[in-house]
Every structure is written in C-alpha cells, then in structure tokens.
Amino acid sequence: MTTNVDPEKTAKDSPIEIHLATGAADGGASPPAAGAQPGATSAEPSLGPPIFRLHDLGVWYGNHHAVKGVTMEVPKNAITALIGPSGCGKSTALRCLNRMNDLIPGARVEGRVLFGDEDLLSSDVDPVDLRGRIGMVFQKPNPFPKSIKDNLEFGMKVNGIKPTAERVEQALVDAALWDEVKDRLKAEAFSLSGGQQQRLCIARAIAVEPEVILMDEPCSALDPIATLAIEDLMKKLAERYTLVVVTHNMQQAARISDQVAFMTVEGTAEGNRTGVLAEVGTARQIFSAPKDPRTEAYITGRVG
Amino acid sequence: MTPPDRPRARRSARGRFGEKAVLLALAAAATISVLVTVGIVVVLVEEGALFFTDVPITEFFTGTQWFPLEGKFGVLPLLNASIVIALIAAVVAVPLGLGSAIYLSEYAPERLRRVVKPILEILAGMPTIVLGFFALDAVTPALQMVFPGLGLYNALAAGIVVGLLITPLISSLSEDAMRAVPNSMREGAFGLGATRRVVSLRVVVPAALSGIVASIVLAISRAIGETMAVTLAAGTIPNLSWNPLEGMQTITAYIVQVSKGEATRGSLQYDSIFAVGLLLFVVTLVINIIAVRIVRKYRTVYQ
Amino acid sequence: MSTLETPAPPPQPPAAATVRPLAKKRARPSEQLFKWLVVGLTAITMAMLIWLLTSVLIRGAGSISWAFLTDKPSSNPAKAGFNSALRGSIVLMMVTIFFAWPIGVAAALYLEKFAAQSATLTERRLRERLATGRVTGLGATWARTRLWWLRIRPRVVHLVDVNISNLAAVPSIIYGLLGLAIFVGVLGISKSLLAGGLTLAVLILPIIIIAAREALRAVPMSIEQGAMALGATRWQAVRRQVFPAALPGILTGTILAMSRAIGETAPLIVVGGVVYSTAVPSLNPLDAGNEALLAMPLQIYFWTDQPQASFQAIAAAGIIVLLATLLVMNLAAIILRNRYSKRW
C-alpha cells in the first residue's frame, strides 16, 4: 500500500509507521486473505485526531520484559484493533491505557502514553479517576454477583453520577440489552446468558460516561451469534466513543476495525519472550498489503 | 489349561480372598466413625433420659435457678452464660477476623501474607487452657484497671479470650472465601474507577458473603462449646445475667465442675452433665448445620 | 506536547484530540482510613498473641529449671515438678496414636480409594450372573444384596462424609462425656491414662481421617492407574504405590492432630476428674490402664485453679513446656511437609 496518502506523517525514529486512514472498514466483510482487495486507489480520508499517543511503551513483570517499544497513535472515535499471536502482549499493552497494570504487583510500565496532551502514566495522575474516564470490558463477562440494575449503578455511584432510572435505561439501550432485560432489572446478573452478560458489562462501562472503552478480547468466551451482536454494538459505539479492542480473531478485526496494530513476539537472548509492535495501519492496508513479513505470515495463516 | 483361562484362574485364587478381607477391614474402620456419632447420641440421650425421669423437662427449660445441690435444675442460667460469652467473643472476633481477612486478601503483599497468616493460625492451635490462664493472669487484671471493682471471675475476660481463639477461624475461612472471588470481578470494579476500599467492601465482601457468614456461625458454635477458658475465667457460679462484668457459669463449665469432684455414677448430678451435654450437642449441631446450609444455599458458583 | 495550538505546517505531528485535563492524584481520606483500619485490626490480633506469649513467658520463665522437668508434683509450689504430667502426656499420646492412627488411615483408604470408586464392572458382572440364571437361591440373594449395596453405596458414603465433618466440629467436652460413659462406664476401664488416651483417640479420629483423605487425594490417579494397567489389583496399587506416596502427607496430618490432642484438657477432666497424685507414671504404655490420669494440661489447670499466686508461676512454667512441645511438633510437621512434599 505504497500509495497511501499520509499527510501528517513525520519521520519518527521508530520503524513503525502510522497510517490514519479509511473510515469504518468496509462494512465488515473483508476477508483476511491478503490481496483480496488491492490497495486503495483513492486518497483515503484521515481518521480523527489521535486521542492516545503511545511512545516507546514498555512493560516489565518483575524481570520479564513483557512488552517493549510500542509507538503508535489511537484515533478518536474509531475502532483500533490490537491483533497478534497469543502471548504477544496485546492485552498487557491495552492495560497500560487505563493503568490497570498498576494493580499487578511487580509490574512496571515505561515510556509515555499521551492522553490528549498529558502523559497518563505520570505518577501525579490519579489512576482511579482515569479509569472512570477510560472504561474497560474484559475477556470473560465479569458482572458482579448483584442484580442487573445494581451492576449498572455500581459504576455510577463510584464515579459520583446520580444513578437514575433514565441513566440505567439509556446505558442498557446503548448496549442493545434493554429489550431483553427491561422486565427484570432486579434479576441476578448471573441469570443472563454469556452474551447478555458481556453486553451488561459494556452497558456498565458506558453508564459511567467514559471517553474511551478498552475491550480485552470481549468475544472470546462467546458463541458466534453473541459475538456478532457485540460486534454490531461496537460499530455503533464507535460513533460516540474511542474503542481499542484486543482480539486474536483476524476476521473480527477485519470486520470491525478502522485501524489495526499487529503485535508479535520476539525471543530475547535470555530466553524471554517479549511482545513488540510489528505494524500499524488501516484495516484495509494491514489485511490487503501488509508491509511487515511477520504480519503477512500471521494473516495468511502461516504462523499462529 | 488354555491360555484364556489363566488370568481368571489366578484372580480367584488366594490373593483375591485376602483382598476381600482387607477391604472388609477398611470398611469396618470407616464404620467406626459412624459408630462414634451413634455412640455420642446414644450416650447423651440415654443418660440424659435418666436425668429427665427425675427432673421434668419443662422445669429444665424454664427454671431460672441452677442449684443442683438444692435440686434446682433450671438450665437457663447456664445456657444464658454460654450465649453471653459467645456473643462477647463474636463482638471481639468478627471485627478482628474480618479486618484481618480483608487485609490479607485485598491489601497485604504476598510476602507479608505468607508471614502473617501462619502467625494468626498459632492462635487457632493454642490450647484453651493457655487462654484460660491468660484470661485470669493478664486480661482480667488489665480490665480491672478499666472497671475498678471487677471481680476475678467475669464473663468479659472469658469472652475476650474466646474471641481471640475464634478470630483465626473467622479470618482464615473468610479469607479463603474472599480469595475464591475471581480476580476478574475485582478488575471489573477497578476498571470502572472504583478504589480498593470500594472493591473490597462493595464487590469482594458481598461476593464472598456466604463463606464469611458461615465462618462467623461456625466460630460462634466453637465459642459455645469452648470449655477451659470459660471455666477458669468466668467462674463456677450460675448466674442468670446479661451483665458481662459479672461471673457466670456456662454449660461447659458446669460439666467440668461436676467432673472435677467425685460425682458417683448414677447420681442425679452425674446424669445432669449428660443432660446439659445433650443440650450443648444439639445447639452446636444445629448451628453447624445452619452454617453448612448457608454455604450451600447462597454460594455463588463462579465459572 | 507544548505546541498544541500552533497552526501545524505539514511535517508537524497531528494535533491531539482535545480531552479534559487529567485529574491530579488526590488524597482520599476514607481510603487511607479504611486501609489503616484493616491493618490496625490485623495488628491488634497479632499484638494480643504477643501479649499472651510474653505474659506467660514473664510469669513462668523463672520457674523453668531442670528440676521442674524432673520433679514430682508437690503441694509446695517451690518444689512442685512437671515430670509426672510430662510422662502422662507421653503415654497418653502413645495410646491415642495406637488406636486412632490405624483406624483413621484405614477409614480414609476405604472412603477415598474404594467406596468412592465406580463399581460398574462389578455391577455388570453381578447382573450378568443373575441374568444367566445359573445362580439360584442363596447365591442369587447374595448377588442381589451386593447389587443393592453398590446402588446405595454413594449415598452411604456421602452420609459418612457429612458425619465425619460434623464430628470434627463437636465440642471436645462431648467426647469426654462419651469416654466417661463408654470407656469408664460400660467397659469398666479405670479412670486412667488408658481411658484418657482412648477418649483422645476418638476425638482426633475425624481429624486424622480428613487429613489422610486429603493426602490420598493429592496423589494423582495416574499413579494408581499405571499400576493397575500393569496388572495390579486396586488394593495392590493402593498399598504399593498410592499409600507410600501419600504417607508424608498423612504423617503431617497426624502430627497436627496429635498437637490438638496434647493440649486438650476438658475431655480428660470429664473422663478422669482432676486428681492430686504424686505418682510418677511408668512410660510403658501397657501399664496405661493402671496409671492415674495425669497430663500436662491437667496439671496446668490444677495449678491455675489454686488461689496462691506462687502456683500461677509454675502454671505458667508448665504452659511454656506445653507450648514448646507444640512448637516442636509443628516444626516437625512443617519439615516433613517441605521435605517430602511433591508437586504432581
């Protein structure tokens, strides 16, 4: 995809180039096979301005260098997918964006993550407050063992939002769950199906009015139908929120994302395995004309 | 002999008979555990029944005076004392036990936890006679500085040391229940911008509530059955009172008092310890069954 | 990040999206308060333990001497020794372990390795035998009885399970009443070390069964199945492979059960009363039936119950000896566990 128009591009010292292009990745039907859609012929409109700018992000767990040298930007109001083989550190990188790694004993994060213009990794930033603004949805649905309503109200109370019935309804409507649960808001969250639980977790995240929603393999524990429902929801949410989604499912990344970051694993001399960022680009570019041979190997199914 | 027959022939040989005998012996050993229960029930009921032929059961349960030498067998003072001391113990042990459990499960770094937990468990293994000595020798004198005029024997000191005894029971079982709450649930709450206190109190504790409540119930049962500390610290005078500063005799202390002397087999006093023992057995059994029910009924199953 | 508002010439980095500024880290008093609350409660618990240990040590250290360990009891606190109590406890433990260990381990083996196993094969064999019609009369009744037993066995085993865990929660003084009525009353054993040891054996039986079952469960099935695949019967596999592998765990559990028994006071008082005796028990467990029931906790109770302050000091000294014994037993259990514990 050498014709890519990239007006804002600067010559960074990182080998990784950042492409901000193409809106909602062509309706979700793009197959992962390379070459299905040869490179863009027209100048693609750029995505919104970056909300996150990661610079040389690295994570250590004790002596284990889990992730190193991630430099990329995350456009606002778009879906960025982090893909790569398991163990490549994509979830670890994601968890830097709302400082969840602070909670892991022995975890150390280096580099910079600019949110707007401020480094959110800075020690004088309040991580608790930050997490209220940057929501997160996890791999396995993790509703609290409370009622559906209590699950939603929990986050609101924590963030000082008055938990009104309207807000509860709105969050459930936005998460496309309202019609299914409106008659049983007092029911236990565990009584819902897996897909419903995950949408409840999304509603719970929306209810606190975040600016960004991080999703860590949100569909990996769900069946295909529930997965499609969540994907539709993600595309709708991207109109209002910035989404960063970790997935190991390339078809999913192709269906939903505007921008794709491919991470991979490098063995180090000490036998450690460290996650690195191989390539970032628009979904179309990554899946049709990957520049990095590792990306190509992965998406054509030769690796991973 | 054709080859296919050989294994079969060997199987039915002497070894197989020997194995049957071994299995039977093992099964007999397992039966003994059932016999112990049967034995306890039979002994308590049989000897207790002898007592109730002499003392009407209504008098036993409604009488407010327990003076065996005068033939007054109203069990309420003993039962009341057991309950008062168990409640004081709970008032001491619930905050200490839950606080330690929350600290160990949610706050303490792993290395500190590995040091603190075994130390707390020393208390659980402390012989109760030691706690009784501690109550008499240290706790009561200390309390006398706060409450001048406090007698040597009082329910408060007994309750405090029994509370100390059951604290590790609460902290250890509650901590197990809290650690069984999946980490994903904590992360979900942290991800919404909750603080550690909110995560502990509003997510982890409610999710572990059945285990926590069961641990408290079990601890109270243990406190009611506790003997030596209360015998030494609360005294041997039956006293129907809710005042923790007074001395009082519990069910267990009465059994000890009678056993210390030479109550002859067949005497009413001898029978009376089985009667109150039966009451104690039923009370603790019921409480234990409640605890098991709580765990089973309200346990949340996490995938 | 300083040039946000400057109109960017083409080579400039893209302007960042505008977001509200990040909140600065702020003190949350309720957070701090709560943290110090739970830290404080933990610290109070530990402080109480330290208070207990130091008060006992201070009170009793002066009375600890070689003579204290070797002297007989005496009504004169200055001369009173702990030797009889020490010997009594040793004999008690021998009696207790002699009865509780084999029965407890055998029960655990049965419950864990035989009763809980599937009996589909036996069941099918019995059914086939009945179906052929070759067995008649008594033989058929016996086969039907066995079938019936195999069918109800899981429920019976569950009941036994519930029973054992309930037994472990029965107050120890109740075991004293059981011992008094059965061993002293029915069997006519005198109020002796034998009666006391039997009572403690019954008391720790459920604890040993539970510990032994856990140790047996920790041995992976593959070991047993491997042996059985080589043609061993289940009993051979269990005896030769599973049991030796589980033995360190069983012994650890046994030591911990013993450390429970050695500190028990109430059941011994109920069985034997509190007797003042200057006898020195023989260490031969075969004499246990004739020796007065003396034990460390009983002696400590006897001294604590005396009004004179001088007895409190020797009571504390007795406690120090008892706690030191417990410490040694627990250390032995820990060493045993660490040395032989295998990760499967």
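Remember, predicted model here, so these are calculated numbers, not experimental data.

About the cut-offs
Once a new chain begins, its residue numbering starts again from 1 and follows that chain's sequence as written. Key to labels: chains lettered from A, ligands numbered from 1, both in the order written. Selection of residues for local features in this predicted model requires a pLDDT of at least 70, selection of side-chain atom pairs for listing and counting requires 80 or more, and totals for whole chains, interfaces and linings are taken over all residues. In computing side-chain values, all of the structure's heavy atoms are included and hydrogens and water are not. Counting from the N terminus, the helices are DSSP H or I runs at least four residues long and the strands are E runs at least two residues long. Any pair of residues with heavy atoms lying within 4.5 Å of one another is described as a contacting pair. The charged-residue count follows a simple rule in which Lys and Arg add positive charge and Asp and Glu add negative charge, with His and chain termini not counted at all. For this purpose, a charge sits on NZ of Lys, CZ of Arg, CG of Asp or CD of Glu. We compute the radius of gyration from the C-alpha atoms alone; for a globule the expected value is 2.2 Å times N to the 0.38, where N is the number of residues. Note on classification: 1.4 Å probe, protein chains only; a residue is buried when its accessible area is under 20% of the maximum for its type, exposed when over 50%, partly exposed between these limits. Each accessible area is a Shrake-Rupley estimate made with a 1.4 Å probe; only the visible protein chains count as cover when residues are assessed. A domain assignment, automatic or from a database, supplies the domain bounds used here. When two parts are put together, the accessible area they lose, computed with a 1.4 Å probe and summed over both, is reported as buried area. Note on method: axes are straight lines fitted to C-alpha atoms, helices fitted across the in-contact stretch only, with angles between N-to-C directions ranging 0 to 180 degrees. By the definition adopted for this analysis, an angle is roughly parallel if under 35 degrees, roughly antiparallel if over 145, roughly perpendicular if from 65 to 115, and oblique otherwise. We call a crossing left-handed when the near helix sits turned anticlockwise from the far one by less than a right angle, and right-handed when that turn is clockwise. The residue classification treats Ala, Val, Leu, Ile, Met, Phe, Trp, Tyr, Cys and Pro as nonpolar and Asp, Glu, Lys and Arg as charged. All others, Gly included, are polar. Within 6.5 Å between ring centres, the rings of Phe, Tyr and Trp (the latter by its six-membered ring) count as paired, and their orientation is classed by plane angle as stacked under 30 degrees, edge-to-face over 60, tilted in between. When the NZ atom of lysine or the CZ atom of arginine is within 6 Å of a ring's centre and also within 35 degrees of its normal, the charge is said to sit over that ring. The rule for a salt bridge is simple: a side-chain nitrogen of Lys or Arg has to be within 4 Å of a carboxyl oxygen of Asp or Glu. Polar contacts, as counted here, are pairs of nitrogen or oxygen atoms within 3.5 Å of one another; within protein the pair requires one atom able to donate a hydrogen and one able to accept it, and residues that are adjacent in sequence qualify only if both atoms are side-chain atoms. Any two strands are treated as partners once DSSP identifies two or more bridges connecting them. Cysteine sulfur atoms are paired as a disulfide whenever they come within 2.5 Å of each other.

1. Quick notes on the overall build of chain B
Broken down by element type, chain B carries 13 helices and two strands. Partitioning the intrachain contacts of chain B with sequence separation of at least 6 by distance along the chain shows that 70% fall at a separation of at least 24. In chain B, which carries 24 positive and 18 negative side-chain charges, the distance between the mean positions of the two groups comes to 16 Å.

2. Considering the overall build of chain C
Scanning chain C from terminus to terminus reveals twelve helices and zero strands. Ordered by position from the N terminus, the helices and strands of chain C form the series α-α-α-α-α-α-α-α-α-α-α-α. In terms of overall dimensions, chain C is more spread out than a globule: its C-alpha atoms have a radius of gyration of 31 Å, far above the 20 Å expected for 344 residues. Residues counted as buried form 48% of the 344 residues belonging to chain C. Excluding contacts between residues fewer than 6 apart, the proportion of contacts in chain C whose partners are at least 24 apart in sequence is 77%. Here chain C has roughly 16800 Å² of accessible surface; of this, 64% comes from carbon and sulfur atoms.

3. Some remarks on the domain arrangement of chain B
Quite often, the size of an interface is put as the accessible area lost when its parts meet. Residue and element names in this part refer to chain B. What the domain assignment lists for chain B is domain 1 (5-53) and domain 2 (62-298). One C-alpha centre belongs to domain 1, the other to domain 2; they are set 35 Å apart. In this assembly, ten residues from domain 1 lie in contact with eleven residues from domain 2. Taking both partners together, domain 1 and domain 2 bury about 880 Å²; carbon and sulfur atoms supply 82% of that area.

4. Re the packing of helix α5 (residues 137-168) of chain C against helix α7 (residues 193-217) of chain C
All names here are of chain C. Their axes nearest at 8 Å, the elements α5 and α7 cross at an angle of 125 degrees. Taken together, the axes of α5 and α7 are oblique relative to one another. In this structure, α5 meets α7 at a crossing whose hand is left-handed. Taking contact as the criterion, the partners of Asp161, Ile164, Leu167 and Ala168 in α5 are, on α7, Pro206, Ile209, Ile210 and Arg213. Of the residues belonging to the contact of α5 with α7, the class tally is six nonpolar, no polar and two charged.

5. Quick look at the packing of aromatic side chains
The description of an aromatic ring pair uses the distance of the two centres, along with the angle that the planes make with each other. All names here are of chain A. Counted by the stated rule, this structure contains 19 aromatic pairs over all chains. Aromatic side chains Phe52 and Phe115 sit 5.3 Å apart centroid to centroid with 40 degrees between the ring planes, which places their arrangement in the tilted category. Remark: Phe115 occurs in strand β4 (residues 107-115) and Phe52 occurs in strand β1 (residues 50-61); sequence separation between them is 63 residues. Each member of the pair, Phe52 as well as Phe115, carries the same accessibility label: buried. It is Arg204 that lies over the ring of Phe144; its NZ or CZ is 4.3 Å from the centre.

6. Examining the packing of helix α12 (residues 251-260) of chain B against helix α13 (residues 268-298) of chain B
All names here are of chain B. Running from amino to carboxyl end, α12 crosses α13 at an angle of 155 degrees, the nearest separation of the two axes being 10 Å. Here α12 is positioned roughly antiparallel relative to α13, judged by the angle of their axes. Crossing handedness for the pair α12 and α13: left-handed. Here Ile251, Thr252, Tyr254, Ile255, Val258 and Ser259 of α12 come into contact with α13, specifically with Gln269, Ser272, Ile273, Val276, Gly277, Leu279 and Leu280. Here the residues of the contact of α12 with α13 are counted per class, giving eight nonpolar, five polar and no charged.

7. Describing the interface of chain C and chain B
Of the residues lining the interface, 70 residues belong to chain C; the matching set on chain B comes to 72 residues. The tally of links between chain C and chain B comes to three salt bridges. Between C:Asp305 and B:Lys260 there is a salt bridge; the shortest N-O distance is 2.8 Å. Run the count over chain C and chain B and you get nine residue pairs in polar contact (both at pLDDT 80 or more). No other element matches the 19 residues that helix α1 (residues 29-60) of chain C contributes to the side of chain C that touches chain B. Its residues assigned to classes, the side of chain C that touches chain B shows 50 nonpolar, 14 polar and six charged.

8. Some thoughts on the sheet that holds strand β2 (residues 64-75) of chain A
Residues and elements named next belong to chain A. With mixed pairing, ten strands are arranged side by side in an open sheet as β5-β4-β1-β2-β10-β9-β3-β8-β7-β6. Two strands in the sheet have a free side with no partner beyond their single neighbour: β5 (118-119) and β6 (134-137). Note: β1 against β4, eight bridges, orientation antiparallel. By the bridge assignment, Trp60 is partnered in β4 with Arg108.

9. Focus: the state of the cysteines
Residues and elements named next belong to chain A. Taken as a whole and judged by the stated rule, the model has zero disulfides over all chains. The closest cysteine sulfur to the non-disulfide-bonded Cys88 is located on Cys96, 13 Å from its own sulfur. Overall, the relative accessible area of 0% leaves Cys88 in the buried class. The closest cysteine sulfur to the non-disulfide-bonded Cys219 is located on Cys201, 12 Å from its own sulfur. Judged by its relative accessible area of 7%, Cys219 is buried.

10. Looking at the pattern of salt bridges
With the rule as written, the count across this model stands at 36 salt bridges over all chains. Among the ionic pairs, C:Arg26 bridges to A:Asp129, the shortest N-O distance being 3.5 Å. Within this pair, whereas C:Arg26 is found in the segment before α1, its partner A:Asp129 is found in helix α2 (residues 127-133), the two belonging to separate chains. Where A:Glu153 meets A:Lys149, a salt bridge forms, and the shortest distance between an N and an O atom there is 3.6 Å. Here the residue A:Glu153 and the residue A:Lys149 both occupy positions in helix α3 (residues 148-158), the gap between them amounting to four residues, near one helical turn.

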